[in-house]
Amino acid sequence: MAGTMNFFRAQDEARGRTTKLVALLVLAIVVLAGSLYVLAVLGQQKLVRGGELDWFQPKLFAATAGTALVVILGGSLLRIAELSKGGGAIAERLGGRLVGATTKDAAERRYLNVVQEMALASGLPVPLCYVIDGDETINAFAAGNTPQDAAVGVTRGALLNLTRDELQGVIAHEFSHIGNGDMKLNLRIIGTVAGLTALAQLGYIIIRIGLNSGSSRKNNLWPLAIAGLVVVLVGLGGVFFARVIQASVSRQREYLADASAVQFTRNPLGLASALRKVAGLAGAQREASSAELEAQHMFFAGSAGFLESLFSSHPPIDERIRRVDPSFDGHIPDVRPVAASAADEPVAGLSGRAVATPPPLPAVSPPRAVPTDLQIQDSVGFRGVIPGALREASEDPVSAMAVVLGLILRRDPAQRAAQLAQAESLAGGEVVREARRLDALLRAVPAGSRVALLDLSMPALRQLSPNQELAFKQALERVGYEAEDGLIVLLIQASIRRYLSRWDMNITPRAGDLAAACGLVLSAVVQTSGEAPAAQARAYALGAGVLGMAGLAPTMLPPAAVDLPKVDEALAVIAGQSVPARRQFVRAIGTAILHDGKAEPAEVEIVRAVADSLGITFATGVKA
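Residues numbered from 1 in each chain as written. Predicted model: local features only at pLDDT ≥ 70, side-chain atom pairs only at ≥ 80, totals over all residues. Heavy atoms only, no water.

1. Considering the overall build of the protein
- A count of helices and strands for the protein gives 26 helices and four strands.
- Put simply, the protein has 624 residues, and 55% of those count as buried.
- Put simply, 78% of the contacts in the protein that link residues at least 6 apart link residues at least 24 apart.
- Within the structure as shown, the protein displays about 25,000 Å² of accessible surface, and the carbon and sulfur contribution to it stands at 59%. (Helix = DSSP H or I, 4+ residues; strand = E, 2+ residues; numbered from the N terminus. Buried < 20%, exposed > 50% of the residue type's maximum accessible area, 1.4 Å probe, protein only. Contact = heavy atoms within 4.5 Å. Areas by Shrake-Rupley, 256 points an atom, 1.4 Å probe, with all protein chains shown as cover.)

Right, here's the structure in full:
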């Protein structure tokens, strides 16, 4: 392994894999529809016409090919729509149970801490955490539509049999799938599998109708049973194509995810040991459920089941171990349960234990050169420490609302009190009481730690009911912000709106002048640096050069022209653009902030907050 994995490029490559998926699906539809037509022509000649075969029958072709197309695409779209509710819904479909922050189970507490640690190290939002009880194998998955609605899950066997370092390696592997855009691809693969197997299911239904009809009608309906058998035979071809697609699109991602997990944790032996334990428990693999078979490409390790040995969605486990640990001698140890203890509790960035922290920012050379994507990535990891009391508060829905509220309150005590009065109705006043209790700690949160604290709070906020979410949103709007509060407060509010999936559904992209919007937000970002105007002008010029956009102001707007409400509107315009366009804007602000080769905590926080508010994520990892 060498070099650092470029997650901007990895997300672009995920779109390339989507193209491959679509091409394979089209090929499968053509083959299956053609097969169904051929069998229909043969059956018609045998049972009805006799004589020579007539291969040109447009009506028959439209009926057979149309049926195949409707069933495959319909089954695919229905399954994708079913899974569009977010990572939590997918995790529950796979048998997961949400792990609450109040859990008393030591292994589950360790699991939550490791997930938080990986989120802070990678610069990604904290996902919801699930456990598949009753599954004694070692496995894990990441699911969701975006990093903002992601969930991770582990089996009970993973919690019982993995050490903290091993669990950390497995969770880091899943975080790389979140960061490099694999989750949406995974959902499309599930939809494809569901569509391609729907033909076989339709055939079974037709057979049952033919065989279970009343005796007086059986002589008339037995051809229906034969037709059902034909559809089943063609449908089995769909099952074959489904497994081929799972294997061909998914395998290489596992190598990349293993490699980037090592970069997150700085500990290749932890992941290698976890993989050895997976191999050690291979003989104890249980038969997977239909939902797990459909989603087997999402898991850390392949599940036992139909055709798994022939069309595995994962590379050979021995090869995965050797790529992570070249000294692997093939020995697979016995697997014994590992007890979680209080010593496992400390987490990087939360209690100060230095584990999985990002590397120092590479120097940009020559001076004032455009930083690379990798240098921008390496700047976003959290390097601060969050007090234990705030960490605990971020895990409870009511206290998490208080934490977020406290992050956007004014510094002046009188103005702060007036803002709190606007939120007095939240949870019967409990949110405001919590905000007052945490006031001193929240005011002491240094620049660079606010977005990380927001990320830690999001799993709890995602557990709010729709009515609670709406009340929280309205309270935040009443509290508002002022120009002197700074750009970070505006960005925190924008991030909250994007994070909570129910709010996202109501967000309408705003039309406007994209070049003017980019120039305004870029000017606002560089002016947060506190550098001299000449340095800010150089930073703007570098960022504008990366955008290369016609109509973009060649020079930074004067501070008097940077109005925060207008910046908010400009962010909405940028948020309505395509993913590549938003990603390019994040590149531009990262370039501007790092124009001098240094990344101050407040500057890093701005980059990460802008990226969060636009729904763009990037993280660090390695390339195999």
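That covers the picture; the talk isn't over yet.
2. A closer look at the nonpolar core
- Of all hydrophobic cores here, the largest spans 123 residues; its most connected members are Tyr-111, Val-154, Ile-171, Leu-405, Leu-487, Val-567 and Phe-585.
- In this view, Val-567 contacts Leu-487, Leu-490, Leu-520, Val-521, Ala-524 and Val-562; residues no more than four positions away in its chain are not counted.
- The next biggest cluster of nonpolar side chains, apart from the first, holds 22 residues, and it includes Ala-28, Ala-33, Leu-199 and Phe-241. (Core = buried A, V, L, I, M, F, W, Y, C linked by side-chain atoms within 4.5 Å.)

3. Focus on the packing of aromatic side chains
- Under the definition given, this model contains one aromatic pair.
- Above the face of the Phe-300 ring, Arg-320 is positioned so that its terminal group lies 5.0 Å from the ring centre. (Phe/Tyr/Trp six-rings, centres within 6.5 Å; stacked < 30°, edge-to-face > 60°. Lys NZ or Arg CZ within 6 Å of the ring centre and 35° of its normal.)

4. Observations concerning the packing of helix 4 (residues 106-122) against helix 6 (residues 164-179)
- Interaxial distance between helix 4 and helix 6 falls to 9 Å at its minimum, and their mutual angle equals 50°. In terms of their interaxial angle, helix 4 and helix 6 are classed as oblique. Along this stretch, helix 4 crosses helix 6, giving a crossing that reads as right-handed. Contacts between helix 4 and helix 6 involve Arg-110, Tyr-111, Asn-113, Val-114, Val-115, Glu-117, Met-118, Ala-119 and Ser-122 from the first element and Arg-164, Leu-167, Gln-168, Ile-171, Ala-172 and Phe-175 from the second.
- Of the residues contributing to the contact of helix 4 with helix 6, the split by class is nine nonpolar, three polar and three charged. (Axes fitted to C-alpha atoms, helices over the stretch in contact; angles between N-to-C directions. Parallel < 35°, antiparallel > 145°, perpendicular 65-115°, else oblique. Left-handed = near helix turned anticlockwise from the far one by under 90°. Nonpolar A, V, L, I, M, F, W, Y, C, P; charged D, E, K, R; others polar.)

5. Remarks on the pattern of salt bridges
- A complete count under the given rule lists 21 salt bridges for this structure.
- One salt bridge in this structure joins Glu-82 and Arg-93, with 3.2 Å as the shortest N-O distance. Placement of Glu-82 in helix 2 (residues 58-82) and of Arg-93 in helix 3 (residues 87-93) is noted, with a sequence separation of 11 residues between them.
- Glu-82 sits in the partly exposed class, given a relative accessible area of 40%.
- Measuring nitrogen to oxygen at the nearest pair gives 2.9 Å for the salt bridge that ties Lys-277 to Glu-166. Residue Lys-277 is found in helix 9 (residues 268-280), and its partner Glu-166 is found in helix 6; the two are separated by 111 residues along the sequence. Glu-166 carries the same exposure label as Lys-277, and that label is buried.
- Overlapping salt bridges bring together Arg-97, Asp-105, Glu-108, Asp-133 and Arg-156 as one network. (Salt bridge = Lys/Arg side-chain N within 4 Å of Asp/Glu carboxyl O.)

6. Focus on the pairing of strand 2 (residues 128-132)
- Burial analysis of strand 2 places five of its five residues in the buried class, which makes it a mostly covered element.
- Of the two faces of strand 2, the one lined by Leu-128, Tyr-130 and Ile-132 and the one lined by Cys-129 and Val-131 are each fully buried.
- Of the strand pairs in this sheet, strand 1 (residues 97-98) and strand 2 are connected by two bridges, and their pairing is antiparallel. Considered in strand 2, the bridge of Leu-98 is made with Tyr-130.
- When strand 2 meets strand 4 (residues 151-155), the two strands line up parallel, connected through five bridges. By the bridge assignment, Leu-128 is partnered in strand 4 with Ala-151. (Pairing = 2+ DSSP bridges.)

7. Notes on the packing of helix 14 (residues 397-407) against helix 18 (residues 450-461)
- At a minimum axis distance of 9 Å, the contact between helix 14 and helix 18 shows a crossing angle of 150°. Taken as axis vectors, helix 14 and helix 18 run roughly antiparallel relative to one another. In this structure, helix 14 crosses over helix 18, and the sense of that crossing is left-handed. Residues Pro-397, Ala-400, Met-401, Val-403, Val-404 and Leu-407 of helix 14 lie in contact with helix 18, whose contacting residues are Arg-450, Leu-453, Leu-454, Ser-457, Ala-460 and Leu-461.

8. Quick look at helix 26 (residues 601-614)
- The end-to-end C-alpha distance of helix 26, which contains 14 residues, comes to 20 Å, matching closely the 20 Å that a straight helix rising 1.5 Å per residue would cover.
- Those residues of helix 26 lying buried are Glu-603, Val-604, Glu-605, Ile-606, Val-607, Arg-608, Ala-609, Val-610, Ala-611, Asp-612, Ser-613 and Leu-614.
- Residues of helix 26 that are buried make contact with helix 4, helix 18, helix 20 (487-499), helix 22 (514-526), helix 24 (564-575) and helix 25 (579-593).
- In the segment just after helix 26, Gly-615 is the residue with positive phi, at about 75°. (Expected span 1.5 Å × (residues − 1).)

9. Overview of helix 15 (residues 413-422)
- Among all positions in helix 15, only Arg-416, Gln-419 and Leu-420 are buried. In an axial view of helix 15, the angular spread of the buried residues amounts to 100°, which keeps them on one side of the axis.
- Packed against the buried residues of helix 15 are helix 14, helix 16 (430-437), helix 17 (439-443) and helix 19 (466-479).
- N-cap assignment for helix 15: the residue whose side-chain oxygen lies 3.2 Å from the backbone N of Ala-414 is Asp-412. (Arc of directions from axis to C-beta. Polar contact = N/O pair within 3.5 Å; in protein donor to acceptor, adjacent residues only side chain to side chain.)

10. Things to note about the sheet that holds strand 4
- An order of 1-2-4-3 is seen for the four strands of this open sheet, with the pairing classed as mixed. Because the sheet does not close on itself, it has two edges, and the strands there are strand 1 and strand 3 (140-143).
- Sheet strands touched by helix 6: strand 3 and strand 4. Its angle to strand 3, the strand with the most contacts, is close to 25°.

11. Focus on the confidence of the model for the protein
- Confidence along the protein averages 78 in pLDDT terms, with 78% of residues attaining 70 or more.
- Between residues 503-507, whose pLDDT stays under 50, and residues either more than four places distant or in other chains, the model counts 11 contacts.
- Within the model, the stretch residues 620-624 combines pLDDT values under 50 with 29 contacts to residues more than four positions away or in other chains. (pLDDT = per-residue confidence, 0-100.)

12. Here we look at the environment of Pro-558
- As for its position among the elements, Pro-558 is in the loop between helix 23 (533-547) and helix 24.
- In the structure, Pro-558 is positioned 25 residues away from Pro-533 in sequence and 9.7 Å away in space, judged by C-alpha atoms.

13. Digging into unusual backbone geometry
- For Ala-427, which is not a glycine, the phi torsion comes out positive at approximately 50°.
- Assignment of secondary structure puts Ala-427 in the loop between helix 15 and helix 16.

14. Some points on the environment of Ile-408
- Within the secondary structure, Ile-408 is located in the loop between helix 14 and helix 15.
- Ile-408 gets classed as buried once you look at its relative accessible area, which sits at 0%.
- Each C-alpha atom of the pair Ile-408 and Ile-488 lies 8.7 Å from the other, and the pair is 80 residues apart in sequence.
- Once you skip the residues sitting within four places of it in the chain, Ile-408 turns out to touch Gln-419, Leu-476, Val-479, Gly-480, Val-489, Ile-492 and Gln-493.

15. Details of a nonpolar patch on the surface
- A cluster of nonpolar residues, Val-38, Leu-39, Leu-42 and Trp-55, forms a patch on the protein surface that exposes about 330 Å² of accessible area.
- Locating Val-38 in the fold gives a position in helix 1 (residues 7-49).
- Given the relative accessible area of 34%, Val-38 is considered partly exposed. (Patch = residues over 30% accessible without salt bridge, like charges linked within 9 Å, V, L, I, M, F, W, Y side chains within 5 Å.)

16. Overview of the pairing of strand 4
- In terms of burial, strand 4 is a largely internal element, five of the five residues being buried.
- Burial along strand 4 is two-sided: the residues Ala-151, Gly-153 and Thr-155 and Val-152 and Val-154 are all buried.
- Here four bridges tie strand 3 to strand 4, and the two strands are oriented antiparallel to one another. For Ala-143, the partnering residue across the bridge sits in strand 4 and is Ala-151.

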